[in-house]
Amino acid sequence: MSLLEIAGLSVQFEGRDGTVPVLDNIDLEINSGDRVALIGESGCGKTVFGMSVMRLLPSNARVTGSARYAGRDLLLADEREMQQVRGKKIAMISQNSASVLNPVLTIGDQIAESLTIHTSCRGKDLHREVIALLTSLGIERPEENMQKYPHQFSGGMRERILIAMALACNPDLIIADEPTSGLDALVKAQILELLRTVMQDRTLLLITHDLGTASALASHTAVMYAGEIVEYGPTQELFTYPLHPYTQGLIAASPSAGFHPIPGVSPAPGQVPPGCWFCPRCTCATDRCSTGHPSLKKTGTNRQVRCLRYD
Amino acid sequence: MTRNAFLWISVAILAVYFTVALLAPFIAPYGATEITGSPFQPPDSGHLFGTNDVGQDIFSQLVYGSRVTLIFGFCSALLSVSISTCAGIVLGYYGGNLDEVVCRILDILMPIPIFPLLIVLTTFFNPGIVQVSILMGVLGSIHGIRLIRAPALSLAETPFIEGARSIGATDLRIMSRHILPNLMPVVTAKFVSSSQHYLVMGVGLSFIGLWDTMTVDWGSMIQNAYSSGALSLGLWWWILPPGIAVVGISLALALAGYSLEESFNPRLEVNRI
Amino acid sequence: MIDGHYLLRRIGYSGAAFVICVTLTFFILHLMPGDYITNYLLSISNYLPQEAVDQFYQQYGLDRPLWEQYVIYVCNILQGHWGYSYQYGLPVFPMIMQKLTWSLVILLPAVLLGIAIGIVLGAWSGWKSGGKKDLALFNFMIVFRAIPEFWWAIMAVWVFAFSLQWFPLGGFTSISVLSSGLNPWDVLYHAILPICLLTSFIVAGNYYVMRNSMIAVIGEDYITTARAKGLDERAVLWRHALKNALLPMVTMTTFQVAGIIMGSVFIETVFSWPGIGLLTTDALRMRDLPILEGIFLLDALMTIGAMLAADILASHLDPRIRMGDQ
Ligand SMILES: Nc1ncnc2c1ncn2[C@@H]1O[C@H](COP(=O)(O)OP(=O)(O)O)[C@@H](O)[C@H]1O
Ligand code: SF4
Ligand SMILES: [Mg+2]
């Protein structure tokens, strides 16, 4: 059953010199129990995508399309309605753990806050609940640690705290934005393991530029390039037989495959070339690639790809 | 109206003030302290803004007074910003022990109140306007050093400065050709806001009697008029012109400073992600 | 809980700042042509009784080496012997203290009101930044601050005291009630206009800092996190934004307030309010150096003390400074 169905989602930012398109016509369906990874280079629009679903984009963002959650289009919901969704139905683990926690509140307070807003849990129960959450996320001495402030924790611990905050109200969907970036290898492995356990029977939208994280956690993977989805499929298959040249490039660029970076840089928002957006960097490009913009096409039973080679 | 329009309007206003100060002898019909009419004459064709209690021409006093006021405001601001900029760049560029020690010293000096210190020093030395401006500039620079040091520090760490160093540019050259131009927006904005601040302060100091009684400037004109009861006697032409002159230039500088700051340092009025 | 090291260092800095101030005043007095005592005695009468001179030399150790004089001077300062006014022949310290009391009558309410109103307006404006009302208020404050304080005061006297006659023209009490002693209501009546003006200057100063601070805070990631939890705007403001935005205010406000002690010079001069400010103007006109030095020392003491208190308070409020980085 589809839990979140995103159709034709586009985002533009209004700036001093006109509007810049950042996301273009995104279609993505997340079923209950799916763990979908959204991968792509930095700056391609992954965070903006997550934020647009949460309706947390700044006021200069223009969002069109639809994001149906439980039959309701979130993009049409009013602020009050969204407040009931955020944290309770859809929770977020924001990127950059160093700055997303409030420096002047104890982490106990910050975890308890979600519970206070969305549940009737108070007093001793609340305290117990927070302790239980911290314990389940492998934070030792929870009684003592919940009195501490964010800066007193390491990056890995802060990530655990963020996960605890997201899990607090037992939401239907969790959007995790770069949960493993900026961590050293050992800690990253621990967090991955932890995420694998706690996300076992949950629905997850995992946003990452790290293919390892995606392949370790996700059941499905969507590849984003310059604000559009270029390939989608079950993670296992997609990583074994990547169809799109960009996906192939990403895999070849990952450290485990020998680190062969894709030449060139992705286009700045609003400055995409005509034809296929990946064309200037594509090793398989042909003449028609620079004129016709490919659409996202189904291939096989459950794969989608945006490339003229598969037309 | 755009910020740019504000900037140009204030530049135009400032140009008028400067012209008046420069060409004072050609603009003013009389000398600043010359007695040219009977006391308390209301404005007429001979005395554009009337006369004061001893029959001096207020318009001429206003024109000559602009010199003292502008010299104090702009000289002290220029000096203070120059010192802050040099010190800030050197500290930010070299860093290390020197930076550490100077920052400690600045920490110590920071709470020492400049305004009464300036009053004490001027009472002691009894100096002229230029000397007081220098004093003010030196004392005031203490507060500006950090403002320049912080961006200089981050600039010194950028790859492009590393690059300049690797091709053998001397320290002096890097500081003057690479770091300084990049700091110009901050420095300019600081200069404009300091000028406004010091100019108003200069008029204020003069209002409470810092200069000797022979010095004619807007502050002493206002003080003279106010304490002689210009308000209660209804002699508006005596007190309003110097006051409006100060307000005008101060507003122009404030607007310029504000539009500079906004254009160099555009603060998106939205949340970022 | 405060990091002891940090506290000690701040106290050390404050001590050093004060020593620098005292040293400055010592050398300025010392460098005066002629010696201080002779200058002083000559300023009150042109006859110099030798016993008096001797007694003063004794007391101030003027015949001793320079460093001993310095030590004596510092001891005298610490004990409240701040020298004698040229103009009145009276000891400076009690005189300044008496004037300070009068200044506090208008400063205290103005500071309290000004900080409160400034912070509320600034927080509101920053929270709504970019909106029409915010911009209107912001532009108004720019214009307000660009006009010199003494000019506002003169205009206020003209409009409210002279034209409308709502308030007295100046002074601290009416002549008519002076015979029956000071009447608090009468003093208040005289104080209202100066207090209002001082308050609005403090409001304008704090408004800026608070608005900037708030704008910086609402761009922070943790504010988005708070929204992502499902908090409503009011809770985001009160629980997450306000405390963070107030932190830098502690130091900035102190700085502002330390400055207003001298800002009151203009108000007191325009309103002939018998406080430190008017004393400054008087002493400046008369070139009464000991009083001016005393005022400088007093202001230095107050500023240094206030900054120290602000540092301690800020470090107490901000867990990042309080705990040190671990
Ligand atoms: N508030 C904003 N205004 C204008 N452009 C923005 C804004 N937020 C993000 N962008 C742009 O959107 C693009 C995608 O950003 P983001 O989603 O953060 O990338 P990532 O895939 O690394 O998460 C970037 O080019 C960024 O510059
Ligand atoms: S459409 Fe052409 S340019 Fe684009 S990815 Fe496919 S082959 Fe490469
Ligand atoms: Mg991102």
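Everything quoted here is computed from the prediction, not taken from an experiment.

### Regarding the confidence of the model for chain C
All names here are of chain C.
Item 1. Predicted confidence across chain C gives a mean pLDDT of 84, with 88% of residues reaching 70 or more.
Item 2. Taken element by element, the predicted model of chain C shows its lowest mean pLDDT in helix H8 (residues 175-178) (63) and its highest in helix H10 (residues 221-228) (94).
Item 3. Confidence estimates for the predicted assembly give a pTM of 0.86 and an ipTM of 0.91.

### Some points on the site of ligand 1
Item 1. Neighbouring ligand 1 are 14 residues; Gly43(A), Gly45(A), Lys46(A), Thr47(A) and Val48(A) lie closest to it.
Item 2. Surrounding ligand 1 are residues belonging to chains A and B, so the site spans chains.
Item 3. Interatomic distance of 3.3 Å between a backbone N/O atom of Cys44(A) and an oxygen atom of ligand 1.
Item 4. Backbone polar atom of Lys46(A) to an oxygen atom of ligand 1: 2.9 Å apart, as the coordinates give it.
Item 5. Here ligand 1 has 560 Å² of accessible area as a free molecule, and 73% of this is covered by the chains.
Item 6. Here the element with the most residues in the shell around ligand 1 is helix H1 (residues 46-54) of chain A; it accounts for three residues.
Item 7. Its residues assigned to classes, the shell around ligand 1 shows seven nonpolar, five polar and two charged.

### What to know about the pairing of strand E7 (residues 173-177) of chain A
Residues and elements named next belong to chain A.
Item 1. Of all five residues that make up E7, five are buried, and the element is covered over most of its length.
Item 2. Summarising the sheet, strand E6 (residues 90-93) and E7 pair through four bridges and their orientation is parallel. Residue pairing for E7: Ile-90 is matched across the bridge by Leu-173.
Item 3. Here E7 pairs with strand E8 (residues 203-208) via five bridges, running parallel. Considered in E8, the bridge of Ala-176 is made with Leu-206.

### A short note on the interface of chain A and chain C
Item 1. Tallying the contact residues gives 27 residues for chain A and 23 residues for chain C.
Item 2. Between chain A and chain C lies a buried interface of about 2,200 Å² when both sides are counted; carbon and sulfur atoms form 56% of it.
Item 3. Among the residues chain A hides against chain C, the three largest losses belong to Val104(A), Glu113(A) and His151(A). Together they make up 27% of the total.
Item 4. Where chain A packs against chain C, one counts two salt bridges.
Item 5. The partner of Arg239(C) in a salt bridge is Glu113(A), with the nearest N and O atoms 2.6 Å apart.
Item 6. Counting across the chain A and chain C interface gives eleven residue pairs in polar contact (both at pLDDT 80 or more).
Item 7. In terms of residue count, helix H4 (residues 107-118) of chain A provides more of the side of chain A that touches chain C than any other element does, six residues in total.
Item 8. Of the residues in the side of chain A that touches chain C, the class split is twelve nonpolar, eleven polar and four charged.

### Observations concerning the coordination of the magnesium ion (ligand 3)
All names here are of chain A.
Item 1. For the magnesium ion (ligand 3), the full set of protein donor atoms is Thr-47 (OG1) and Gln-95 (OE1), and the range of their distances to it is 2.0 to 2.5 Å. Taken together, the residues Thr-47 in helix H1 and Gln-95 in the loop between E6 and helix H3 (97-100) connect sequence positions 48 residues apart.
Item 2. Here Thr-47 falls in the buried class, since its relative accessible area comes to 15%.

### With respect to the site of ligand 2
Item 1. The local shell around ligand 2 consists of His244(A), Pro245(A), Cys276(A), Phe278(A), Cys279(A), Cys282(A), Cys284(A), Ala285(A), Cys289(A), Cys307(A), Leu308(A) and Arg309(A).
Item 2. Its residues assigned to classes, the shell around ligand 2 comprises ten nonpolar, one polar and one charged.

### Thoughts on helix H7 (residues 145-156) of chain B
Residue and element names in this part refer to chain B.
Item 1. Here H7 contains twelve residues, and its C-alpha end-to-end distance of 16 Å stays within 8% of the 16 Å for a straight helix at 1.5 Å per residue.
Item 2. If you check which residues of H7 are buried, you get Ile-145, Ile-148, Arg-149, Ala-152, Leu-155 and Ala-156. When H7 is viewed along its axis, its buried side chains cluster within an angular range of 130° and face the same direction.
Item 3. Along its buried surface, H7 packs onto helix H3 (58-94), helix H4 (96-109), helix H6 (129-141), helix H8 (159-166) and helix H9 (171-207).

Analysis parameters
- Residues numbered from 1 in each chain as written.
- Chains lettered and ligands numbered in written order.
- Predicted model: local features only at pLDDT ≥ 70, side-chain atom pairs only at ≥ 80, totals over all residues.
- Heavy atoms only, no water.
- pLDDT = per-residue confidence, 0-100.
- Helix = DSSP H or I, 4+ residues; strand = E, 2+ residues; numbered from the N terminus.
- Near = heavy atom within 4 Å.
- Polar contact = N/O pair within 3.5 Å; in protein donor to acceptor, adjacent residues only side chain to side chain.
- Areas by Shrake-Rupley, 256 points an atom, 1.4 Å probe, with all protein chains shown as cover.
- Nonpolar A, V, L, I, M, F, W, Y, C, P; charged D, E, K, R; others polar.
- Buried < 20%, exposed > 50% of the residue type's maximum accessible area, 1.4 Å probe, protein only.
- Pairing = 2+ DSSP bridges.
- Contact = heavy atoms within 4.5 Å.
- Buried area = accessible area lost by both parts, 1.4 Å probe.
- Salt bridge = Lys/Arg side-chain N within 4 Å of Asp/Glu carboxyl O.
- Donors = N, O, S within 2.8 Å, 3.2 Å for Na, K, Ca; no water.
- Expected span 1.5 Å × (residues − 1).
- Arc of directions from axis to C-beta.

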